[in-house]
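Descriptive analysis of the structure
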Amino acid sequence: MTEENKQRFFAPCPRGLEAVLAGELAELGAEGIKPAEGGVGFSGAMSVAYSANLHSRIASRVLWEVGSGRYRSEDDVYRGVNALDWPQLFDGVLTIRVNVAAVRSPLNSLDFITLRIKDAVCDRFRTQTGVRPSVDTAQPDVRLHAFLETDRFTLYLDTSGEPLFKRGARQMTGEAPLRENLAAGILKLSGWTPDLPLLDPMCGSGTFLIEALQIARGIPPGAQRNFAFEKLRNFDEAQWSRIKTQAESTPAPNPSPAIFGSDLYGEALKLARVNLAAAGFADVAHLKQANMLEISAPAAEGVLVANPPYGVRIGEQDELASFYPQVGDALKKKFAGWRAYIFTADMRLPKLIGLSPSKRTPLYNGALECRLYEFKIVAGAMRREKKEQDSGRRTRD
Ligand SMILES: C[S@@+](CC[C@H](N)C(=O)[O-])C[C@H]1O[C@@H](n2cnc3c(N)ncnc32)[C@H](O)[C@@H]1O
């Protein structure tokens, strides 16, 4: 790859997953990898961005850096944006949307600078070609992102379009479903590999199960969808088709993984079934309606992942406070030999569950600060706890 072919990109992701995303991008051939808060910068040919869109389970988008400059005022930004040869990047008949994010910018109004950036692009099109793109904020063909820092702006074209956690299969959502890229990141952090049994005992709409099955079957997360880069002028269809063909011919890590899901409510399981079928996994996962407190481990060892309901109201908070110790007891009684990963925003969990977490990873679900707690359930945990109770020395984390 020549230096001219090398482009700079930024892939945003859920906060806390930057290191996982950096590892994923390195495997896809990215260079100059620079994790930042909420995403990872990298460089490479456009084909690396195509691969990242198709294969990244963690990125929310892949943004292509097309310009940058210094500014002090709205007019400086207008001039910097207007100076770029936009008609060479995409066709003026396409619709656009401008997004602005700012950190310590001196400008007063983000709405106003968003408008000025849109004008700068449209004015450039009109003077150069006589045609100008129109704005579509709901379903634009082309998304432009501007990132404003203290005295510097950076402009990006979004190569993804719809965010990458939208995998393409029809999804029905239940109570507080996890975003797919957050679920995939949690699976990665758990160290689960497709040769190990996986159980989500509070599976809701089945997000963990679907992500795990895609990983095991070697199905790229973007296999069922389109990307915005297909609409850009520099789209290399032959290259894209080579990347997809190569993905199709890569063998699956484990075509028949042992994936188990259960939920207290039949309605939730119905959703999980619909979503699994839409993703092409009808009847592949073992699903059953059950109370997490009453299930037995489906294998001698494995990985359990769960995100329990998060109580917002006082009553729910109290209910959860009495639920967690029971979850801890169920894990100790029935899951010796398993590793359990519980993802929650409820910081009371480790104290109340009665098990010492071997790891706590801070992660964000949108703006909500959460933790992923790791518990290694060892055989005899119950016996030890019983002994401690008998001798009046009960210890809790
Ligand atoms: C936050 S949601 C999980 C969402 C899921 N990860 C998804 O992406 O759709 C919590 C789930 O726990 C289930 N649940 C609550 N109490 C339960 C219990 N005692 N046993 C099993 N499932 C339970 C709820 O029905 C709900 O589907």
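Residues numbered from 1 in each chain as written. Predicted model: local features only at pLDDT ≥ 70, side-chain atom pairs only at ≥ 80, totals over all residues. Heavy atoms only, no water.

Here's the deal with the side chain of Thr159
Note the following rule: Think of it this way: any DSSP run of H or I at least four residues long counts as a helix, any run of E at least two long counts as a strand, and we number them from the N terminus. Residue burial is assigned from relative accessible area. The probe radius is 1.4 Å, only protein chains are included, and a residue is buried under 20% of its type maximum, exposed over 50%, and partly exposed in between. What qualifies as a polar contact is a pair of N or O atoms within 3.5 Å, subject to a donor-acceptor requirement within protein and to the restriction that residues adjacent in sequence count only when both atoms come from side chains.
Mapped onto the secondary structure, Thr159 falls in the loop between strand 8 (152-158) and helix 5 (180-190). Residue classification places Thr159 among the buried positions, given a relative accessible area of 1%. Within polar-contact distance, the side chain of Thr159 engages the backbone oxygen of Val62 at 2.7 Å.

Topic: the environment of Ser356
Among the secondary structure elements, Ser356 is positioned in the loop between helix 10 (349-353) and strand 14 (359-365). On the basis of relative accessible area, Ser356 is assigned to the exposed category, the value being 54%. Measuring from C-alpha to C-alpha, the distance between Ser356 and Ile377 comes to 9.7 Å, with 21 residues separating the pair along the chain.

Considering the packing of aromatic side chains
Rule in force here: Each Phe, Tyr or Trp ring (for Trp, its six-membered ring) is paired with any other whose centre lies within 6.5 Å, and the angle between the two planes then decides the class: stacked below 30 degrees, edge-to-face above 60, tilted in between. We count a charge as sitting over a ring when the NZ of a lysine or the CZ of an arginine lies within 6 Å of the ring centre and within 35 degrees of the ring normal.
For the coordinates displayed, the defined rule picks out 13 aromatic pairs. Taking the centre distance of 5.1 Å and the plane angle of 50 degrees together, the rings of Phe90 and Phe125 count as tilted. Placement of the pair is Phe90 in the loop between helix 3 (74-82) and strand 5 (95-102) and Phe125 in helix 4 (residues 110-129), with a sequence separation of 35 residues. The exposure class of Phe125 is buried, given its relative accessible area of 0%. When the centroid spacing of 5.4 Å and the interplanar angle of 5 degrees are considered together, the rings of Phe227 and Phe229 count as stacked. According to the relative accessible area criterion, Phe227 is buried, its value standing at 4%. Geometry around Tyr364 places Arg15 over its ring, the cationic atom sitting 3.9 Å from the centre.

Notes on a nonpolar patch on the surface
Quick note on the threshold: Put simply, a patch holds well-exposed residues, over 30% relative accessible area, that have no salt bridge, with like charges counted together within 9 Å and Val, Leu, Ile, Met, Phe, Trp or Tyr side chains within 5 Å. The method behind every accessible area is Shrake-Rupley, applied with a 1.4 Å probe, and residues are considered shielded solely by the protein chains displayed. For salt bridges, the criterion is a side-chain nitrogen of Lys or Arg within 4 Å of an Asp or Glu carboxyl oxygen.
A surface patch of nonpolar side chains, about 290 Å² in accessible area, is lined by Tyr310, Val312 and Leu368. Given the relative accessible area of 38%, Tyr310 is considered partly exposed.

Focus: the site of the ligand
Put simply, the rule is: In this text, near means that some heavy atom of the residue lies within 4 Å of the molecule or strand in question.
Neighbouring the ligand are 20 residues; Ser205, Thr207, Asp263, Met292 and Asn307 lie closest to it. One of the backbone nitrogen or oxygen atoms of Met292 is found 2.8 Å away from a nitrogen atom of the ligand. Protein contact buries 95% of the 600 Å² of open area that the ligand shows by itself.

Things to note about the domain arrangement of the chain
How big an interface is tends to be reported as the loss of accessible area on association of its parts. Which entries qualify depends on this criterion: Domain start and stop positions are those given by an automatic or database domain assignment. Contacts were defined at the residue level, with two residues in contact if any of their heavy atoms lie within 4.5 Å. Charged residues are taken to be Asp, Glu, Lys and Arg, nonpolar residues to be Ala, Val, Leu, Ile, Met, Phe, Trp, Tyr, Cys and Pro, and polar residues to be all remaining types, Gly included.
Domain annotation for the chain reports domain 1 (7-158) and domain 2 (180-219 + 258-390). Counting residues at the interface gives nine residues for domain 1 and 14 residues for domain 2. Seen at the junction of domain 1 and domain 2, the total is five residue pairs in polar contact (both at pLDDT 80 or more). The residue inventory of the side of domain 1 that touches domain 2, partitioned by class, reads five nonpolar, two polar and two charged.

Considerations on helix 9 (residues 314-334)
Operational definition: One fewer than the residue count of a helix, multiplied by 1.5 Å, yields its expected span.
The terminal C-alpha atoms of helix 9 lie 30 Å apart, and with 21 residues this matches the ideal 30 Å at 1.5 Å per residue to within 8%. Within helix 9 the residues assigned to the buried category are Gln317, Leu320, Phe323, Tyr324, Val327, Gly328, Ala330, Leu331 and Lys332.

As for the pattern of salt bridges
Pairing between side chains becomes possible if they bear opposite charge and their charged atoms approach one another. Within this structure, the stated rule accounts for 17 salt bridges. The closest approach of N and O atoms between Glu31 and Lys6, which form a salt bridge, is 3.0 Å. With a gap of 25 residues between them, Glu31 in strand 2 (residues 31-36) and Lys6 in the segment before strand 1 (7-12) connect regions that are remote in the sequence. Put simply, Arg143, Glu162 and Lys166 are held in one network by salt bridges that share partners.

Comments concerning the sheet that holds strand 8
Quick note on the threshold: Two strands qualify as a pair provided DSSP detects at least 2 bridges between them.
With mixed pairing, the eight strands of this open sheet are ordered in space as 2-3-1-4-8-7-5-6. Among the strands making up the open sheet, the edge pair consists of strand 2 and strand 6 (134-135). By the bridge criterion, two bridges tie strand 1 to strand 4 (residues 63-70) in an arrangement that is antiparallel. For Phe10, the partnering residue across the bridge sits in strand 4 and is Leu63.

Topic: the nonpolar core
The criterion, for reference: Working definition of a nonpolar core: buried Ala, Val, Leu, Ile, Met, Phe, Trp, Tyr and Cys residues. They are joined through side-chain atoms within 4.5 Å.
Core analysis: the largest hydrophobic core is formed by 89 residues, its most contacted members being Trp86, Phe90, Leu144, Leu157 and Ile186. Listed in part, the 24 residues of the second largest apolar core include Phe260, Phe323, Val327 and Tyr373.

A look at the confidence of the model for the chain
For clarity, the cut-off: Confidence scores per residue from the predictor, reported as pLDDT, run from 0 to 100.
Scored by pLDDT, the chain comes out at a mean of 93, with 94% of its residues at no less than 70. In the predicted structure, residues 392-397 sits below a pLDDT of 50 and forms 16 contacts with residues beyond four places in sequence or in another chain.

A few points about the side chain of Arg124
Cut-off, in case you're wondering: Under the counting rule used here, the positive set is Lys and Arg, the negative set is Asp and Glu, and His together with the chain ends is not counted.
Within the secondary structure layout, Arg124 lies in helix 4. Salt bridges are absent for the buried Arg124, whose nearest opposite-charge side chain, Asp85, sits at 4.1 Å. Once residues lying within four places of it in the same chain are set aside, the contact partners of Arg124 are Asn82, Ala83, Leu84, Asp85, Trp86 and Pro87.

A closer look at the pairing of strand 1
Relative to strand 3 (residues 39-44), strand 1 runs antiparallel, the two sharing six bridges. In the strand pairing of strand 3, Phe10 is matched with Gly41.

Focus: unusual backbone geometry
Even without being a glycine, Arg104 presents a positive backbone phi close to 55 degrees. Following the sequence through the fold, Arg104 ends up in the loop between strand 5 and helix 4. One non-glycine residue, Asp283, adopts positive backbone phi at about 60 degrees. Summarising the element assignment, Asp283 is placed in the loop between helix 8 (266-278) and strand 11 (286-289). Given a relative accessible area of 78%, Asp283 falls into the exposed group.

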